[in-house]
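Read off the chains here:
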Amino acid sequence: MMGQHSILTVNNLNIVVSTPHGVTQTVNDVSFELEAGKVFGLVGESGSGKTMTCMSLLNLLPDEAKVVEGSIKFRNKDILNCSTEDVRKVRGSEIAMIMQNPMTAFNPVRNIGCHFIETLRTHLHINKHQAREMAMAYLEKMDLPYPENLLKQYPFQLSGGMLQRVMIAITMSLNPSILIADEPTTALDATNQLQILKQLDRLRNEYNTGILLVSHDLGVIAQMADEVAVMYGGYIVEKASVLKLFNRPKHPYTRALLQSRLGLTRRKEKSVKRVSVSHRNLINRETACPFIERCGDADHTCANNRLELKEYEKDHLVRCVKLQ
Amino acid sequence: MSWFIVKRVTSLLPILFGISLITFILLHLTPGDPAAAYLRASHIPPTDEAVATLRAELGLDKPLYIQYVNWLIKVVQLDLGISYVSKNSVWEEIMLHFFPTVQLAFASCIFIIVISLPIGMISAIYRGKWIDQFSRIIAFVSVSMPAFWLGFLLIYFLSVKLDLFPVLGRGTFAHLVLPSLTLAFPYIGTYMRLLRTSTLENLNEPFVVYARARGLRERRIVSRHVLKKSLLPVLTGLGMSLGNMLSGAVIVETVFAWPGMGSLFITSILNRDYPMIQGCLLFMGAIFVVCNLLVDLTYAFLDPRIRWEGGKK
Ligand SMILES: Nc1ncnc2c1ncn2[C@@H]1O[C@H](COP(=O)(O)OP(=O)(O)OP(=O)(O)O)[C@@H](O)[C@H]1O
Ligand code: SF4
Ligand SMILES: [Mg+2]
C-alpha cells in the first residue's frame, strides 16, 4: 500500500492480557498505517480491543497487558523497543492522545494552568511566563473564552466539552504529527460533539496531523474518517476507504453493524442459522473465525481455516473465508 | 476560602456546647457523691453532717440545670474550678500537663511523617519488591506490638545497654526521643499502609495515564500529581491521631514517667477529683474539635473541590 507516506506503522500487533482468571488474547494481528493529514477510523463494539490498540501506540498499556508480537514504528523509531526516556519524549510532542473521559483525565487537585504549563515545559525549553502566554494563545484558538481565568480554574469547574477542548488545545500547542483520539466524543452531548469534531478537523487541515479516531459511533466515523477499520473480538475484520466501507460493506459483521445503525435489522435475523451447540464444541478456537457464533453465513469452513485479512479488491481488506 | 473558615468555625459552637453538656451530665450520673469524694481527698471523715454542709458550699444541692449553668458561666471564663486534691486551679494544672503532651505529640507526628510517608510512597511505586515486603512487615509489627512492651524494649536496649538516651523523665531533647518513638510506632504502620493503598489507587487513575501520555517524567507525575492527591486520606487520619495524642497517652506517659495529660487524667480518676475529671474531659473534647477543624482547613487548602463547595453557600 502507501507505505512511504505513513508516519506510524503498526504491524501484526498482538496483545495478551493476564488476569487471575487466565490469559486472554485481546488484540490479534492488527496492522494499519497512519498518514499525515488523514483520519483513520477504528470502529467496533465494546471490548473489541480498540483502547488496548491505542494505548500500545504510546507504550502505555496497563500492567496486565503485554504486546507479545508485532511492531509499532513511528518514523524510524521502534516504539516498543526503544528506551523509556525515548518513548517519553515522543509522548505528547510527537504522538499525542485525547482521553475518552475528559472529566477524569485531569488531576482534580491541580488547575488547568498547571496541566497545560507543565506539558509545554516538559517538551519545550521555555520559562513559566512564556508557557503561560502560549497556553492562553492556544486556548483562545480553541474558542475558549477568558483563557486567563481558565488557567486558574480546576477541572471540576469546567464542563466535559470544555475539558475536551482544553485537551485538544494542549495537543495543538505541541504540534504532534499523530493524534490518538480514543472516543473523544462519547462522554459529550450532541452540541459539544460537533464542536470537538470541528476542532479535530481543523487539526488535520491546519496542522496536517494524522489522526487515529476511535469510536463506536458510525456517524462520527462516516463524517471524519478517510479510511476505516472494523474490529471484532480483537481482530480487524474489514478495512477500506470510508466510501467503500459504508457503501459496499463486505464482512457479515460490518453489514450487521451498518444495518442496525440504519434501523434495518430485519426480522429475518431471528431465523438466522446459528452454529448449533453440538457443533460449537468442535470449533477450534485457534483457527475459527471470531465472529462464527453470531454470523448468519457461518458453516464448517469457518471453523477450521486460519483466517487472514485478505484483499477482496484493491484497498479493501476482509477477514472472512466466504469472501476470499 | 475565608467564607469556608467562618462557616466551619461557627459550626463548632454547637458541638462544643454538646460536649460541655455531655461532660457535665456524665459525671453527675456516675455513682458516688462528689462531696464525699472531696472530704476523703482532704482526709476529713465524710459524716452526714460534713457532707451536707459541703454540698451546700459547693452548690451541689441546687437543681441540676442551675448547677450546669453556673458551671458553664465559669467555664467560659476558663475557670474550671479547684482540684479537690491539689487545691490548685484545674485550668493551671491542665496547662502545666498539656505542654509536655504537646511536645510528645508533635515529636511523634514528625516521626510518623518522616518514616511512614516515604516508605508508604515508595512501597506503592515498587509494589511487590523487597521494600514493599519490608514495609508490610513493619506495618504488621507496628500495629500488633503493645506500646508498653516496645517502650520497655527501647529503654532496655537503647538506654540501659547502649546508653544512648536517658531512661525516664523529661528535660532535654534526648528525653523526647524514646517516648515519642514509642507513641508514634503504632501509627507508623497504619499510615504507611494507608498511603501505599491510596497511592496505588491513584497510580491507576486516568489522570496518571493522561499525564504519561503528555510525556511528563515519572518523577514529576509522582511528586506533583499522585502525592498530593494520595495524601488527602492520610491527612484526615493524621488529624484524628493528633487529637488522640494531644489528649494524652496514658501508657507511654506511665512507662516513661512523662508528666502529660494522660497521667493527669488517670490520677484524677483514681482520686475521684471531680472538677479535674470534668476539666480534662472538656479540654480533650475541645482539642479533638480543634484538630478536626485543622484537618478540614488543610483539606480545603489541598483539595479545591471542597474549597469551592464551601465558598458557594
Ligand atoms: N485492565 C484490564 N485488565 C483485564 N482485562 C482488560 C483490561 N482492560 C481491558 N481488558 C480487556 O481487554 C479487552 C479489550 O478492551 P478494550 O478496552 O481495548 O476495548 P474497547 O474496544 O476499547 O472497548 P470500549 O468501547 O468499551 O472502550 C476487553 O475484553 C477487556 O475485557
Ligand atoms: S468466516 Fe464464516 S463465520 Fe466468519 S464472518 Fe465469514 S462467514 Fe461469518
Ligand atoms: Mg475503549
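Residues numbered from 1 in each chain as written. Chains lettered and ligands numbered in written order. Predicted model: local features only at pLDDT ≥ 70, side-chain atom pairs only at ≥ 80, totals over all residues. Heavy atoms only, no water.

1. Description of the sheet that holds strand β11 (residues 310-313) of chain A
Residues and elements named next belong to chain A.
- Across the sheet, 8 strands lie side by side as β6-β7-β8-β3-β9-β10-β12-β11; this open sheet has mixed pairing. Single-partner strands in this sheet number two, and they are β6 (95-98) and β11. Across this sheet, the average inter-strand angle for adjacent strands is 20 degrees, counted without regard to direction.
- Sheet topology note: the strand β3 (residues 39-44)/strand β9 (residues 227-232) ladder contains 5 bridges and is parallel. Across the sheet, the residue bridging to Val 43 is Val 230, located in β9.
- Packing against the sheet, helix α7 (residues 160-173) makes contact with β6 and β7 (178-182), and its axis sits at approximately 175 degrees to β6. (Pairing = 2+ DSSP bridges. Helix = DSSP H or I, 4+ residues; strand = E, 2+ residues; numbered from the N terminus. Axes fitted to C-alpha atoms, helices over the stretch in contact; angles between N-to-C directions. Contact = heavy atoms within 4.5 Å.)

2. Some words on the domain arrangement of chain B
Residues and elements named next belong to chain B.
- Segmentation of chain B into domains returns domain 1 (2-90) and domain 2 (98-271 + 287-307).
- Here the C-alpha centre of domain 2 lies 35 Å away from the C-alpha centre of domain 1.
- Listed as interface residues are 9 residues of domain 1 and, on the opposing side, 7 residues of domain 2.
- Taking both partners together, domain 1 and domain 2 bury about 750 Å²; carbon and sulfur atoms supply 80% of that area.
- Ranking the residues of domain 1 by area buried against domain 2 places Phe 4, Arg 8 and Leu 12 at the top, with a combined share of 60%.
- On the surface where domain 1 and domain 2 come into contact, there are 1 salt bridge.
- Taken together, the connections running from domain 1 to domain 2 amount to 1 residue pair in polar contact (both at pLDDT 80 or more). (Domains from an automatic or database assignment. Buried area = accessible area lost by both parts, 1.4 Å probe. Salt bridge = Lys/Arg side-chain N within 4 Å of Asp/Glu carboxyl O. Polar contact = N/O pair within 3.5 Å; in protein donor to acceptor, adjacent residues only side chain to side chain.)

3. Overview of the site of ligand 2
- Lining the immediate surroundings of ligand 2 are His251(A), Pro252(A), Cys289(A), Ile292(A), Cys295(A), Asp297(A), Ala298(A), Cys302(A), Leu307(A), Cys320(A), Val321(A) and Lys322(A).
- Taken together, the residues of the shell around ligand 2 sort by class into 9 nonpolar, 1 polar and 2 charged. (Near = heavy atom within 4 Å. Nonpolar A, V, L, I, M, F, W, Y, C, P; charged D, E, K, R; others polar.)

4. Examining the packing of aromatic side chains
Residue and element names in this part refer to chain B.
- Taken as a whole, this structure holds 14 aromatic pairs over all chains when the rule is applied.
- Measuring from centroid to centroid gives 6.4 Å for Phe 17 and Tyr 68, while their planes differ by 70 degrees, and the two rings are edge-to-face. Of the two residues, Phe 17 is situated in helix α2 (residues 12-29) and Tyr 68 in helix α5 (residues 64-76); the sequence distance between them amounts to 51 residues.
- Assessed through its relative accessible area of 9%, Tyr 68 is described here as buried. (Phe/Tyr/Trp six-rings, centres within 6.5 Å; stacked < 30°, edge-to-face > 60°. Buried < 20%, exposed > 50% of the residue type's maximum accessible area, 1.4 Å probe, protein only.)

5. Considering the interface of chain B and chain A
- With 23 residues of chain B at the interface, the matching set in chain A holds 29 residues.
- Contact with chain A buries surface across chain B, with Tyr210(B), Ala213(B) and Arg214(B) losing the most and accounting together for 26% of the total.
- Taken together, the connections running from chain B to chain A amount to 3 salt bridges.
- Note that Arg220(B) is salt-bridged to Glu118(A), the shortest N-O span being 2.7 Å.

6. Topic: the nonpolar core
- Core analysis: the largest hydrophobic core is formed by 72 residues, its most contacted members being Ile94(B), Ile112(B), Met245(B), Leu246(B), Met261(B) and Cys280(B).
- Among the elements that take part in this core, helix α14 (residues 274-302) of chain B stands out by supplying 13 residues, more than any other.
- Two domains each donate at least three residues to this core, and these are domain 1 (2-90) and domain 2 (98-271 + 287-307) of chain B.
- Setting aside anything within four residues of it in sequence, one finds Met261(B) in contact with Ile94(B), His97(B), Phe98(B), Thr101(B), Leu246(B), Ser247(B), Gly248(B), Glu253(B), Cys280(B), Phe283(B) and Met284(B).
- Counting residues in each nonpolar core, the second largest holds 66 residues, with Ile117(A), Tyr138(A), Leu163(A) and Leu197(A) among its members. (Core = buried A, V, L, I, M, F, W, Y, C linked by side-chain atoms within 4.5 Å.)

7. What about the site of ligand 1?
All names here are of chain A.
- Neighbouring ligand 1 are 14 residues; Ser 46, Gly 47, Lys 50, Thr 51 and Glu 64 lie closest to it.
- Separating an oxygen atom of ligand 1 from a side-chain N or O atom of Lys 50 is a distance of 2.9 Å.
- Protein contacts shield 66% of the accessible area of ligand 1, which totals 630 Å² for the unbound molecule.
- Broken down by secondary-structure element, the contributors of at least two residues to the shell around ligand 1 are β1 (6-19) and α1 (50-57).
- The greatest single-element share of the shell around ligand 1, amounting to 3 residues, is contributed by α1.
- Taken together, the residues of the shell around ligand 1 sort by class into 2 nonpolar, 8 polar and 4 charged. (Areas by Shrake-Rupley, 256 points an atom, 1.4 Å probe, with all protein chains shown as cover.)

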